[in-house]
Amino acid sequence: MNGATPDPSRQQARNQHAASEIQLTQALQRARWAIAWERGWPHLARLLCVAGLFLVASWIGLWLMLPVWGRVAGVSVFALLAIAALVPAVRFRWPTRDEGLSRLDRGSGIRHRPVTTLADTVATQDPVALALWQAQRVRTLASLKRIRAGLPSPRLPLHDRWALRGLVIVLMAVTFIAASGERTERVAAAFDWNGMLAQPNIRVDAWVSPPQYTSKPPIILSAANKDAAPSDSAALPVPAGSTLIVRSSGGNLDVVVGGGVREAAPTEKPADGTQEQRFTIAADGTAHVRAPSGQPQWKFSAVPDRAPTIALAKPPERQARGSLQMSYRMEDDYGITEAHAAFSPRTESAKGGAAPRPLFDAPQFALVLPNARTRNGVGQTVKDLSENPYAGADVTLTLTAKDEAGNEGHSEPFNMRLPERVFTKPLARALIEQRRILALDANQNTQVFTALDALMIAPEVFTPKPGEYLGLYSVTKQLEDARTDAQLREVVASLWALAVSIEDGNLTDVDKALRAAQDALKEALDRGASDEEIKKLTENLRAALDKFLQQLAEQMRNNPQQLARPLDRNTKVMRQQDLDNMLERMERLSRSGNKDAAKQLLDQLQQMLENLQMAQPGQGEDGDMQQSLNELGDMIRKQQQLRDKTYKQGQDSRRDRRRGDPNAMDGLQQDQQALHDRLKKLQQELAKRGMGPGQRGQQGKDAGQGEDGLDQADSAMGDADGRLGDGNADGAVDAQGRALDALRKGAQSLAEAMQQGEGEGQAENGPGTREGRQQSGGNQTDPLGRPLHGREFGDDLTVKIPGEIDVQRVRRILEELRRRLADPSRPKIELDYLERLLKDY
């Protein structure tokens, strides 16, 4: 306050001096911290290495594999290592001010310890010395901007010459990734000392429950049963799809799985305090109960469920009434639950034409199992397919077996011809043939209409019964008006109904009722119906069986000549009481719960009823003869179709060589060879029945004709096969024509032999009588009026001379055929058919 003006330069110098003092203090503090870090980091690094090794051991799963005492020992070892790492830290001292100043002197890069100089004091009061000291201090403070404490340098290589700290870091990184989401649990497992705390109520149970369909018992895996646990090198085989169940009481449950062992749907915690976890063993894998401790690790080998096998035990057989009997062998490791038979049509390859368009699906049905969950056995199924549109068609059979796991096994495809009902009346046979053609290929509706229309020519000759003619006219009109597949299916059903009514009348109503009762009872047994329903259906079957036997007895009374024939000495007699006993036994088995045995008994009853028709005198032989005659008729039709194809191919080749198909003759040759093989097979079957060469002459009046017919057909077919192979269409057509004539002669001879066998039982009507001639000659013409036997014989061996009325009738028929042939608007296939009819007139 003396009024003196302060010097600004001095004030500025004092401010700079204060700021420099602050910077010096801060630099000194940083230097002391750096020295402290250099002294303390080696001790801390040793402790961190021990902690890192503990984490490595934990994350690698060491504590999960050790028992309780092993975990305690391991943790104790790591604790001692930590203490040992901290012992050298006792010598740690905090850096002093002088040590900090010395570090700043070394870090400044200026000689003469500038930072330490600032801390010095001047002992003299000499103004000159003070001035020099002050100047020196100002200069030193000016250089403080270049003073640095520097970064700490702990010099760890001096303490860890082998760089083990780097190895610990690498191991920590690897195990950290390997532990994934279980890092915390694995570290906590080191301190899981429940066993040391003595909790005697903790119990762990584990077992493997195989799928129920295997019928195998559970496999115990609990630690108390050490023998049940597999060794470290062996895996426990279990069925694939088994369930692993682990249950714990009195402690937390933690299960670790791997491989093909997957966690199943979670279950609720039981009310009694226990915990449970479920796992599905889909493939090879492992499982380990991590908590509670003390459980071994289990290895599982999943045994896959093999697909079942099924194959025909023998070729399918035809039963007396056209049913199909199949015997098959099946095998599976755990049991078959269902089996099916499926058929697929074997259609001829269309050459340039449209593919076949069937109106119905090929038949398929369930097979009867030898017993429930069949593992190895032979089953048998009888199925009536006589009413199916595919009856008599060439098909491929495939059997399929399925187990409860969903695995399927298939048999080798088997080519066969489905059995069909034997129709003895020519008109019924013709209708059934056209029915099959239409059902298997709707594109043939025009050809079928032409054939049906041809059957209505001269109804007083071909269809003398008004009911048959009206039925045929109605079906033909129905086919003409059909436009959709549904309407064509109705035509197929009408053709079957008309053929059956012509053949049997009302007999099929009884058969249908019996078969419906059998099917209803079988379906009830399959679905496990109640005892009341089974009893009611059994009564229905008994009533249908009584009607069937009554109808059969009436049929025998209407044909007394069959009773005059002697029975085969091997024929077994079956009484109605036997059938009643079978029904009662079937009902008792069903009430006792043995449904499988009841179904087998029902199958036996069905087979006995099938054989009952065969047991009638002469029925089996006549049925076989009729089946052979039907086979010949089908071969004649196929040979005619093949001849038409050969003729057309020859015309196409001559008309335009460039458009000729070089592979067409190969296809025709294959068809001709297949037809030739069928003829040879038929000849072998006839020979087995005593109808071979030289034997048919003993049963027919014209045996030589029959023998020469089939032999000549064999030779002609072979000739046609060779000419088709050479590409000679004209020569093949001639040979096929000879084969056709020979087949007709063979069919004529076979029909005469069959008729001669029937005539032996009709002798009581009187030889040469009108009644005898009507019974023996009622089926001697086909639906078009052509004779099957060539001539009619009486006992006096005289030829019946046609009367004037017959001549006029024939003349009218020929005129009608010529009129239709001259109509160019008619389909070509009809014109070709009429031309073949008139070629001999």
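All figures in this text were calculated on a predicted structure; none of them were measured in a lab. Each residue is numbered by its place in its chain's sequence as written, counting from 1. Two thresholds apply to this predicted model, a pLDDT of at least 70 for residue-level local features and 80 or more for giving and counting side-chain atom pairs, whereas whole-chain, interface and lining totals are computed over all residues. Side-chain measures here rest on the full set of heavy atoms in the structure, leaving out hydrogens and waters.

Trainee: How would you summarise helix α9 (residues 426-440) if you had to cite specific residues and measurements?
Mentor: In this model, α9 (15 residues) spans 21 Å end to end at C-alpha, consistent with the 21 Å of a helix rising 1.5 Å per residue. Whether a residue is buried, partly exposed or exposed follows from its accessible area with a 1.4 Å probe, protein chains only, as a fraction of its type maximum: under 20%, in between, or over 50%, in that order. A helix here means a DSSP run of H or I that spans at least four residues, while a strand means a run of E at least two residues long, and both kinds are numbered starting from the N terminus. Along α9, the residues classified as buried are P426, L427, A428, A430, L431, I432, Q434, R435, R436, L438 and A439. How far a helix is expected to stretch is found by multiplying one less than its residue total by 1.5 Å.

Trainee: Got a sec to walk through a nonpolar patch on the surface? Specific residues and values, please.
Mentor: A patch consists of residues exposed above 30% relative accessible area that lack any salt bridge, with like charges linked at up to 9 Å and nonpolar side chains (Val, Leu, Ile, Met, Phe, Trp, Tyr) linked at up to 5 Å. Note on areas: Shrake-Rupley, 1.4 Å probe, and residue coverage restricted to the protein chains presented here. The term salt bridge refers to a pairing of a side-chain nitrogen on Lys or Arg with a carboxyl oxygen on Asp or Glu at a separation within 4 Å. There is a patch of nonpolar side chains on the surface, built from L53, W162, L164, L167 and L171 and spanning about 550 Å² of accessible area. With 3 residues, the top contributor of residues to the nonpolar patch is helix α7 (residues 164-179). Residue position: L171 is located in helix α7. Its relative accessible area of 33% is what places L171 among the partly exposed residues.

Trainee: Any chance you could break down the side chain of T374 for me, citing the residues and the numbers?
Mentor: Position of T374 relative to the elements: it lies in strand β11 (residues 374-383). For T374, a relative accessible area of 1% translates into the label buried. Among the polar contacts listed, one links the side chain of T374 to the backbone oxygen of N371, at a separation of 2.6 Å. For this analysis, residues touch if any pair of their heavy atoms sits within 4.5 Å. Ignoring anything within four residues of it in the chain, the contact list for T374 reads M330, D332, G335, I336 and L369. Each polar contact in these results corresponds to two N or O atoms within 3.5 Å; when the atoms are within protein, one needs to be able to donate a hydrogen and the other to accept it, and residues that are neighboring in sequence are counted only if both atoms are side-chain atoms.

Trainee: Talk me through the packing of aromatic side chains; I want residue IDs and the actual numbers.
Mentor: Two rings from Phe, Tyr or Trp (for Trp, the six-membered ring) form a pair when their centres are within 6.5 Å of each other. A pair whose planes differ by under 30 degrees is stacked, one over 60 is edge-to-face, and the rest are tilted. Throughout the structure, instances matching the rule amount to 7 aromatic pairs. Here the aromatic rings of W59 and F176 are separated by 5.4 Å at their centres, their planes lie at 70°, and the arrangement is edge-to-face. Pair noted here: W59 is in helix α1 (residues 8-59) and F176 is in helix α7, with a separation of 117 residues, a long-range link. The partly exposed category is assigned to F176, whose relative accessible area is 38%. An angle of 75° between the planes, with centres 5.9 Å apart, marks the rings of Y213 and Y334 as edge-to-face.

Trainee: Can you break down the nonpolar core residue by residue, with the values?
Mentor: Of all hydrophobic cores here, the largest spans 27 residues; its most connected members are L431, L438 and L452. For this core, the elements supplying multiple residues, two or more each, are α9, α10 (445-455), α12 (466-481) and α13 (485-504). Of all the elements, α13 adds the most residues to this core, at 9 residues. Among residues more than four places away in sequence, those in contact with L438 are L359, N445, V448, L479, L488, V491 and V492. Nine residue types can take part in a nonpolar core, namely buried Ala, Val, Leu, Ile, Met, Phe, Trp, Tyr and Cys, and a core is a set of them joined through side-chain atoms within 4.5 Å. Core analysis: the next-biggest nonpolar cluster, separate from the first, contains 25 residues, A524, L541, L549 and L609 among them.

Trainee: Summarise the packing of α10 against helix α25 (residues 828-838); cite the residues concerned and give the values.
Mentor: α25 packs onto α10 with a crossing angle of 40° between their chain directions and a minimal axis gap of 9 Å. For the element pair α10 / α25, the angle class is oblique. For the element pair α10 and α25, the recorded crossing hand is right-handed. Residue-level inspection shows Q447, T450, D453 and A454 of α10 in contact with α25, the latter providing I829, E830 and Y833. Lines fitted to the C-alpha atoms define the axes, with helices restricted to the stretch that makes contact. Angles between their N-to-C directions range from 0 to 180 degrees. For classification purposes, angles smaller than 35 degrees are called roughly parallel, those larger than 145 roughly antiparallel, those between 65 and 115 roughly perpendicular, and all remaining angles oblique. Crossings are classed by handedness, with left-handed meaning an anticlockwise turn of the near helix from the far one by less than a right angle and right-handed meaning a clockwise turn.

Trainee: Would you mind going over helix α3 (residues 68-86) in detail, with residue names and values included?
Mentor: With 19 residues, α3 extends 27 Å from end C-alpha to end C-alpha; this agrees with the ideal 27 Å at 1.5 Å per step. Residues V68, G70, R71, G74, V75, F78, A82 and A85 constitute the buried set of α3. Looking straight down α3, one finds its buried side chains confined to an arc of 165°; they lie on one side. Seen from the buried face of α3, the exposed residues on the opposite side, beyond 90 degrees, are W69, L80 and I83. It is the directions from the helix axis to the C-beta atoms that the arc portrays.

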